[in-house]
Amino acid sequence: MTLRHFLRDDDITHEEQAQILARAARIKAAPFTDRTLVGPEVVAVLFDKQTLRTQLSFSAAIAHLGGFPMIVDGKLAQVGVRESIADVARVMGREAVAIVWRTYGQDRIEEMARYAQVPVINALTDDFHPCQVLADLQTIQEHRGDLPGLTLGYLGDGANNMAHSYLLGGALAGMHVRVATPSTHQPKPEILERATELAAQHGGSVLVTDDPIEAVRGADAVATDTWVSMGQEKEKDHRQGEESPFLRFQVNTELMAHADAEAIFLHCLPAYRGFEVTADVIDGPQSVVWGESENRLHAQKAILSWLVEQHRNGESA
Ligand code: NVA
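Residues numbered from 1 in each chain as written. Predicted model: local features only at pLDDT ≥ 70, side-chain atom pairs only at ≥ 80, totals over all residues. Heavy atoms only, no water.

Draft legend 1. Quick peek at unusual backbone geometry. The residue after G39, namely P40, is reached through a cis peptide bond having omega 0°. Mapped onto the fold, P40 is located in the loop between α1 (14–29) and β1 (42–47). Omega for the peptide link from L269 to P270 comes to 0°, which places this bond in the cis form. Backbone geometry places Q78, a non-glycine residue, at a positive phi of 50°. By secondary structure assignment, the location of Q78 is in the loop between α3 (74–77) and α4 (85–95). Classification of Q78 by relative accessible area gives partly exposed; the value is 36%. (Helix = DSSP H or I, 4+ residues; strand = E, 2+ residues; numbered from the N terminus. Buried < 20%, exposed > 50% of the residue type's maximum accessible area, 1.4 Å probe, protein only.)

Draft legend 2. The pairing of strand β3 (residues 98–102), seen in detail. Burial of β3 is extensive: five of the five residues sit out of reach of the surface. Judged by which residues are buried, β3 turns out to be covered on both faces: A98, V100 and R102 on one side and I99 and W101 on the other are all buried. With five bridges connecting them, β1 and β3 associate as parallel partners. Bridge pairing in β3 links V43 to A98. Summarising the sheet, β3 and strand β4 (residues 120–122) pair through three bridges and their orientation is parallel. Note on β4: the bridge partner recorded for W101 is N122. Crossover β3 to β4 through helix α5 (residues 106–116) is right-handed. (Pairing = 2+ DSSP bridges. Right-handed = clockwise from strand over helix to strand, strands pointing away.)

Draft legend 3. Quick peek at the pattern of salt bridges. Scanning all chains against the criterion turns up 17 salt bridges. Between D10 and R194 there is a salt bridge, with the nearest N and O atoms lying 2.8 Å from each other. In this pair, D10 sits in the segment before α1 while R194 sits in helix α8 (residues 189–202), placing the two residues 184 residues apart along the sequence. Classification of R194 as partly exposed rests on a relative accessible area of 23%. One salt-bridge network, in which partners are shared between bridges, spans R8, D10, R194 and E197. (Salt bridge = Lys/Arg side-chain N within 4 Å of Asp/Glu carboxyl O.)

Draft legend 4. Expanded view of the site of the ligand. All residues adjacent to the ligand are L124, H129, N160, N161, D225, T226, S229, M230, C268 and L269. For the ligand, a nitrogen atom lies 2.7 Å from a polar atom in the side chain of N161. Coverage of the ligand by the protein amounts to 95% of the 270 Å² it exposes when considered alone. Looking at the shell around the ligand, its residues break down into four nonpolar, five polar and one charged. (Near = heavy atom within 4 Å. Polar contact = N/O pair within 3.5 Å; in protein donor to acceptor, adjacent residues only side chain to side chain. Areas by Shrake-Rupley, 256 points an atom, 1.4 Å probe, with all protein chains shown as cover. Nonpolar A, V, L, I, M, F, W, Y, C, P; charged D, E, K, R; others polar.)

Structure, rendered in structure tokens:
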């Protein structure tokens, strides 16, 4: 039986990533043609952290595919507190055809996947945000063409989920991924190592630097993310204060001038103008953030329907 999950960006191969992105583009052009979840089949969508875009885009994605989104508030369910992750997984796997979870530790979602018996999708953990990066890759492709060989510069917190997912997802696509971050906020070594290996396999490269200009020089796409990720609220004063280690990594027009003249600006949102990005960049002509946000819907429809299809095909084989 084929049971595949999307817990991190490299849970799919280079070829599968390209297929899923092509599927996302097809779905975008003809939104109601894929009816994989007709029934309606139920998809459980759980949130242990705050959400807006993810709840919206997964609810819409599941509805468009003909299914029903069963939204579960993590505060009520208390997964791993009230009952074990394994038991929650066993219960949900009996009623839902897939599970989408936004949670803290990557170990939590891995455990869910171990027991669920249905595909599990990572809707953000402390370590990865693979659905966002799929949407970002779709956006880059729309504006800058074929992904292999393109350069993406990411600036800000190099140790957060977006940095990790850009490293893995971008390298898997054969892109040149450059991360500019202070020495105190480096990506996890094992993720960097894996990204380097993937980049070598697919003709891309990976660079981590503390020089923001080096990361954006000639880049086709420039991305950033909040300096205060969910779960880091206690560090807000330090991360956004006058002594913030990230100040040098702000994306502003001066920095954007070093990128390719046609470079696009990406941000997963929510954005904090005046911190990681200035208003003139995010609200300016190079910004594609609203289209990027919409692509969450299309990319998630693609990954969800693809995983459910893989599972069904495996069961009937
Ligand atoms: N790094 C951010 C991403 C938000 C979509 C966070 O984890 O809060």
